[in-house]
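Next come the chains, spelled out residue by residue.
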Amino acid sequence: MSSESEPLLRVENLKTQFFTEAGTVRAVDGISFDVHEGEIVGLVGESGAGKSVASMSLLRLVESPGEIVGGEITYKGETIFGLEEGPDGELQEREDMLSNQEMRDRIRGNEIAVIFQDPMESLNPVFTVGGQLREFIELNRDLSSEQARQEAVEMLREVGIPDPEQRYDEYPHQFSGGMRQRVLIAMALACEPSLIIADEPTTALDVTVEGQIIDLVDDLQEKYGTSFIWVTHDMGVVAEICDRVNVMYLGEIVEQSPVDELFYDTKHPYTEALLDSIPRPDKTVGELDPIEGVMPEAISPPSGCRFHPRCPDAREVCQRVHPENKQVDTAEGVPHRAACVKHDAFDVGYDESVPLAKSPQVTADSSANTETSVTDPERGTAGSSGGEGSE
Amino acid sequence: MGLLRYTTYRFLQAIPVLIGISILTFVLANLTPGDPVRLMLQGVEADQEMIEQVEARYGLDRPMHERYLDYMAGLVQGDMGHSFHRNQDVASLIASRIGPTLLLVLSAYAFALVTSIPLGIIAAKRRNEPFDHVSRIVALLGVSTPSFWIGIMLILIFAVQLGWLPSADLVYPWWSPEVYGHDGYLEHFVETIRHLVLPMIALGTLQMATLMRVERTQMIESLQGEYVKLARAYGVPERTILRKHAFQVAQLPIITIVGLNLSTALGGAVLIEFVFNINGLGRLFYEAIIQLDYQLIMGITMIIATMFVIGVIITDIAYAYIDPRVTYGEAE
Amino acid sequence: MAVGETQVESGSEPGTKEVETGWRATLRKIKRDTTARWGLYVITFVLAITAYTLIDGNLSRLTFGNVSDFAMAEALPIFEHPERLPPPGEADTNVPPAFHADGSMAHPLGTDPNGRDYFTRIVYGAQVSVSVGLAATFLGLVGGTIVGAVAGYYGGWVDDLLMRAVETVYAIPPLILIIVFTVFVSGGSPDVRFAIIGVGIAFIPVFARIIRSEVLSVREMDYIEAARAAGVKDRNIILRHVIPNSFAPVMVYATLQIGVTILIVAGLSFLGFGAQPPTPDWGEMLQTSHSYMHSNVWLSIWPGIAIMITIMGFNLFGDGLQDALDPRIND
């Protein structure tokens, strides 16, 4: 987990945009992070923060009309995405960038696997669970059909599915949601990748099953040493499973630190707000403090700091200055970054600036949000009433 | 419930529908205002004695429900009644004419499936590209054009103008080549196909267009499925995704549509057999209607409805066989 | 700054659109949809022609009777009283269309074997096709709505009985059923009025099924329960709540069904069981011209094209409506 060694995956200034009729949506707007071997890195934020788009960008699987427009993704020294200036001055794809063929044959599945959010929809309804597992194993590892079958059964057992021999021949609809998610985890692990992207893998499950799945992943992660990128909106899950965390807001990373630092020495007001909105043993439900307002659209982000309309600490300067994600502290030799001008690393005159008055509109909205959060506190939603489940 | 029991169950379920059809056709045939005998004898110089004879022959002097029960008793024993105009057994008349109709309808279906599925898939894959636009226009024209007019146009172009293909009648492959003076089975086969091509296209175009639209929509939907995303994320080649992962799911609604469209195809056969002068069930139906040969009309209606019901059952069973999610017990 | 005003998801979900509901949103979508717009143009065009033929005072509106004289023919000099049957022996029965070497602009599409101007007959054919299409579909819609609503709302044996009946009607291919109905009920002299009723009956099953499934889904909704608990009569619940809620899918289906109706009635007339001569109907014209198929090819071409264009209009509009109302597939 040391930051000196070359990371497994390095993402630098990644930008993914969607070109829609209504305009360009900057879903991912210049994020940088890395993942080291054996690490679980969290990607946290509300719905619409761009977490899923960011994770799909890593596999170069952004669907039309989306497109990766900038930045660099390096995996084990190979370039998954990279641009350079062409002879005509236009940006073009770098020579050493992996081709689509190479991405398919060498990266997707065998090197980087995914676990999707919705286990109900992710498995093909007309094929047996075992058949799908076997197909992906066969495709991503040099195994014969029979060996792949063996491996599939073995993996099903490994993820805690009883009677794997028999269940191998059953169809997805015969599995419960939690069991299907176990199948998807088995699928990811069976391909023996070095990195697994788990895109909100527990959001669609109920809380007890969620706990089981997280424990399972924790155990298997230790056993196999696979790295994870854990995409979630749930700070509770982050605390349980992640080593390092990237907090995303409107396409940007606003705070980046080891998990303990994030919880005990929070540097960004947004992270603070996220933490305040989840239930904790030391707080009663009444003390929950949802984030005010709803995240604006990425199509027309607010000026300056994108969080300032909802930020309790916002001052006049926040409307003008757009903070980059800067190192503001060090924890165990790992930098703690945050994109907030209230820190000394930013010298833009925050202390002298006038606090912003809240508009009545935002207040009105926040009351509505209080309601949603209180009725559903155990999900640990970040106070946004915009449908979490639809991501 | 196993597939076999499901099959039995579906066939048993069809019995009330078949009984309903017999009642419906019987009632329709007896709705005729005025004397059915006079209707039957239209154009025939008939005296009172003859009318009475006919009435007695068909039992028309008895109440309707008695006659229906008689008719049903006959049906159960395979007796579908008697054709007045042809002085022939309805069952044997139908048996002699059912072959060409089956040949026509099945080949039209084969034509429709073979063309629509690949075209629909390509259109879905190249959505909003020129190929998609052209195929959508073709499909739109296909569902908007009367089949009999397509038949007339095909005759005018390929039979009259170009003289490439025959415009009337079919060659029955189940008859021996000598009947047609064909030189061996190869010529027999070629002639069969040559006679079949135009009516097959005329009848199959509507099916093709309908299936193509469904296939396209289903494939588009299927290609947006999470399971397709998952397959992509595991490095499955696009071609395999298209042909296996997305395809299998998309075919399920097609199966249902194929069954239900049999209704249109059987109705269309009447028109196509009329245009192409094919001696099938459709043409027999037309002639029976013209002659108001009412037992023959009832017989043909029963048979055609039964063919449709059986077709739907077969596709239902196929669906249940292919889709693992169907629980046989609850299936309709 | 409109923070908090909208709950539209963006960023991670650019594929999903704003969820719009209500008629205004639907209309806006239809306007945006190229397919629906073109369908609307074609339908408007055909309806305008139909409307014209209906205002023309010399035409019997109800019986679709013989077209004896034309206001339009007087107004437009090129038509030299085309539809009047020429005196026996003087009929120039074989005037080819204008683009033909022997043709003239007096009869742009030539004349039929009786010497009647073909263009005029095609124009007047719109009246029969459109009114039969609309009337028969409407009949099926009303019948199907009643059957489906009653079956779905009451359930139990009422549902069983009605659905068995519907299944029975559905099992007979429409064209066959309509022919049998038309010929027998008319006592051997079929007519377009019987055809309308026949088509209406044949289409009850499809509408009944849609309405029934809509009713079944609506029936369980809380506000229906509430209305029932509040003592609102069943009939009023069906009329005021259930049916309006099923409206959207039924409208799509009805629009597409108009095309099917016109298709079927054309076939019916072509076989001689629908509109009867001398009514100018496209199917009937194809039947008459069938005997002249080889000598006067054009007689078989124009009515078919007219049918195709009309049906295409309804299909285009129906498709567009479906896209606008069905959120499953978005572009």
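Keep in mind it's a predicted model, so treat the numbers as computed, not measured.

So, how was this worked out
- Residues numbered from 1 in each chain as written.
- Chains lettered and ligands numbered in written order.
- Predicted model: local features only at pLDDT ≥ 70, side-chain atom pairs only at ≥ 80, totals over all residues.
- Helix = DSSP H or I, 4+ residues; strand = E, 2+ residues; numbered from the N terminus.
- Contact = placed C-beta atoms within 7 Å.
- pLDDT = per-residue confidence, 0-100.
- Pairing = 2+ DSSP bridges.
- Axes fitted to C-alpha atoms, helices over the stretch in contact; angles between N-to-C directions.
- UniProt positions renumbered as here; feature names shortened; annotations may be inferred.
- Buried ≥ 20, exposed ≤ 12 C-beta atoms within 10 Å, placed from the backbone.
- Parallel < 35°, antiparallel > 145°, perpendicular 65-115°, else oblique.
- Left-handed = near helix turned anticlockwise from the far one by under 90°.
- Nonpolar A, V, L, I, M, F, W, Y, C, P; charged D, E, K, R; others polar.
- Core = buried A, V, L, I, M, F, W, Y, C linked by C-beta atoms within 7 Å.

**Describing the overall build of chain C**
- A tally of helices and strands in chain C yields 12 helices and 0 strands.
- Along its sequence from the N terminus, chain C presents helices and strands in the succession α-α-α-α-α-α-α-α-α-α-α-α.
- A separation threshold of at least 6 residues defines the contact pool for chain C, and within that pool the share at least 24 residues apart is 67%.

**Describing the overall build of chain A**
- Of the regular secondary structure elements, chain A holds 13 helices and 14 strands.
- For chain A, contacts bridging at least 24 residues in sequence account for 65% of all contacts bridging at least 6.

**Overview of the confidence of the model for chain C**
All names here are of chain C.
- Across chain C, pLDDT averages 74, with 74% of residues at or above 70.
- In the model, residues 1–20 has pLDDT below 50 throughout and makes 53 contacts with residues more than four positions away in sequence or in other chains.
- Low pLDDT, under 50, characterises residues 57–91; the predicted model gives this stretch 51 contacts beyond four residues in sequence or across chains.
- Across the assembled chains, the prediction reports ipTM 0.88 with pTM 0.81.

**Re the sheet that holds strand 4 (residues 66–75) of chain A**
Residues and elements named next belong to chain A.
- A sheet is described by the order of its strands in space; here 4 strands give the open sequence 2-1-4-5, paired in antiparallel fashion. Only two strands of the sheet have a single partner each, and these edge strands are strand 2 (23–35) and strand 5 (78–81). Across this sheet, the average inter-strand angle for adjacent strands is 10°, counted without regard to direction.
- Sheet topology note: the strand 1 (residues 9–20)/strand 4 ladder contains 8 bridges and is antiparallel. By the bridge assignment, valine 11 is partnered in strand 4 with isoleucine 73.
- Lying on the sheet, helix 1 (residues 51–58) is in contact with strand 1, strand 2, strand 4 and strand 5; it crosses strand 2 at an angle near 65°.

**Some details on the sheet that holds strand 11 (residues 244–249) of chain A**
Residue and element names in this part refer to chain A.
- The sheet built from 8 strands is open, its strands ordered 8-9-10-3-11-12-14-13 with mixed pairing. Two strands in the sheet have a free side with no partner beyond their single neighbour: strand 8 (112–115) and strand 13 (326–331). Looking at each pair of strands side by side, their axes are set apart by 20° on average, direction ignored.
- Pairing geometry for strand 3 (residues 40–44) and strand 11, over 4 bridges, is parallel. Within strand 11, the position partnered with glycine 42 by the bridge is valine 245.

**Focus on the UniProt feature "transmembrane region" (unreviewed entry) in chain C**
- Here the UniProt-annotated "transmembrane region" (unreviewed entry) positions come out as residues 38–55, 134–156, 168–186, 192–211, 250–275 and 295–318 of chain C.
- Helix makes up 100% of residues 38–55 of chain C and strand 0%, whereas the separation of the span's terminal C-alpha atoms amounts to 26 Å.

**A word on the UniProt feature "domain: ABC transmembrane type-1" (unreviewed entry) in chain C**
- Residues given the UniProt feature "domain: ABC transmembrane type-1" (unreviewed entry) here are residues 126–318 of chain C.
- Across residues 126–318 of chain C, the secondary structure splits into 83% helix and 0% strand, with the terminal C-alpha atoms separated by 19 Å.

**Observations regarding unusual backbone geometry**
- Following Ser64(A), the chain continues to Pro65(A) via a peptide bond in cis, the omega torsion being 10°.
- With respect to the helices and strands, Pro65(A) occurs in the loop between helix 1 and strand 4.
- A positive phi is found at Asn277(B), a non-glycine position, where the angle reads about 55°.
- Secondary-structure assignment places Asn277(B) in the loop between helix 11 (238–275) and helix 12 (281–291).

**Digging into the interface of chain C and chain B**
- Chain C puts 39 residues into the contact, and the matching count from chain B is 46 residues.
- Contributing elements (two or more residues each) for the side of chain C that touches chain B: helix 5 (156–171), helix 6 (174–185), helix 10 (247–271) and helix 12 (297–325) of chain C.

**A closer look at the environment of Ala135(C)**
All names here are of chain C.
- Inspection of the secondary structure puts alanine 135 in helix 4 (residues 118–154).
- Residue class for alanine 135 comes out partly exposed when judged on the 18 C-beta atoms lying within 10 Å of it.
- In sequence terms alanine 135 and phenylalanine 207 are 72 residues apart; their C-alpha atoms lie 15 Å from each other.

**What about the packing of helix 7 (residues 177–190) of chain A against helix 8 (residues 207–224) of chain A?**
All names here are of chain A.
- Interhelical geometry of helix 7 versus helix 8 gives an angle of 15° and a closest axis separation of 10 Å. Taken together, the axes of helix 7 and helix 8 lie roughly parallel to each other. Here helix 7 and helix 8 pass one another in a crossing that is right-handed. Where helix 7 approaches helix 8, its residues Gly177, Gly178, Gln181, Ile185 and Leu189 are matched on the opposing element by Val209, Gln212, Ile213, Leu216, Val217, Leu220 and Tyr224.
- A per-class count over the contact of helix 7 with helix 8 returns 8 nonpolar, 4 polar and no charged.

**Digging into the environment of Pro237(B)**
- With respect to the secondary-structure elements, Pro237(B) resides in the loop between helix 10 (226–233) and helix 11.
- Note: C-alpha distance between Pro237(B) and Val54(B) (183 residues apart in sequence) is 73 Å.

**Digging into the nonpolar core**
- Counting 276 residues, the largest nonpolar core has Leu133(A), Ala186(A), Ala188(A), Trp230(A), Ile300(B) and Ile178(C) as the members making the most contacts within it.
- Here this core takes 16 residues from helix 4 of chain C, the largest share from any one element.
- Discounting residues that sit within four places of it in the chain, Trp230(A) has contacts with Ile40(A), Val41(A), Gly42(A), Leu43(A), Ala198(A), Ile241(A) and Cys242(A).

**Examining the packing of helix 4 (residues 129–140) of chain A against helix 7 of chain A**
Residues and elements named next belong to chain A.
- Contact geometry for helix 4 and helix 7: axes closest at 9 Å, N-to-C directions at 20°. What the angle tells us is that helix 4 and helix 7 run roughly parallel. As for the relative orientation of helix 4 and helix 7, their crossing is right-handed in sense. Of the residues in helix 7, those touching helix 4 at Val129, Leu133, Phe136 and Ile137 are Val183, Ala186, Met187 and Ala190.
- In terms of residue class, the contact of helix 4 with helix 7 is built from 8 nonpolar, no polar and no charged.

**Considering the pairing of strand 3 of chain A**
Residues and elements named next belong to chain A.
- Within strand 3, 5 of the 5 residues are buried, which leaves the element mostly enclosed by the surrounding structure.
- Burial along strand 3 is two-sided: Ile40, Gly42 and Val44 facing one way and Val41 and Leu43 facing the other are all buried.
- Inspection of the sheet shows strand 3 paired to strand 10 (residues 227–232) by 5 bridges, in the parallel sense. Across the sheet, the residue bridging to isoleucine 40 is phenylalanine 228, located in strand 10.

**A look at the environment of Leu93(B)**
All names here are of chain B.
- Turning to its location among the elements, leucine 93 is positioned in helix 5 (residues 90–125).
- By C-beta crowding, leucine 93 is classed as buried, having 21 other C-beta atoms within 10 Å.
- Along the chain, leucine 93 and leucine 284 lie 191 residues apart, while their C-alpha atoms are 8.7 Å from each other.
- Once residues lying within four places of it in the same chain are set aside, the contact partners of leucine 93 are Ser83, Arg86, Gln88, Leu284 and Leu296.

**Quick notes on helix 10 of chain B**
- With 6 of 8 residues buried, helix 10 of chain B is to be regarded as a mostly interior element.
- Within helix 10 of chain B, burial applies to Tyr227(B), Val228(B), Leu230(B), Ala231(B), Arg232(B) and Ala233(B).
- Buried residues belonging to helix 10 of chain B abut strand 8 and helix 3 (119–122) of chain A together with helix 9 (184–223) and helix 11 of chain B.
- Looking one or two residues past helix 10 of chain B, Gly235(B) carries a phi angle of roughly 75°, positive in sign.

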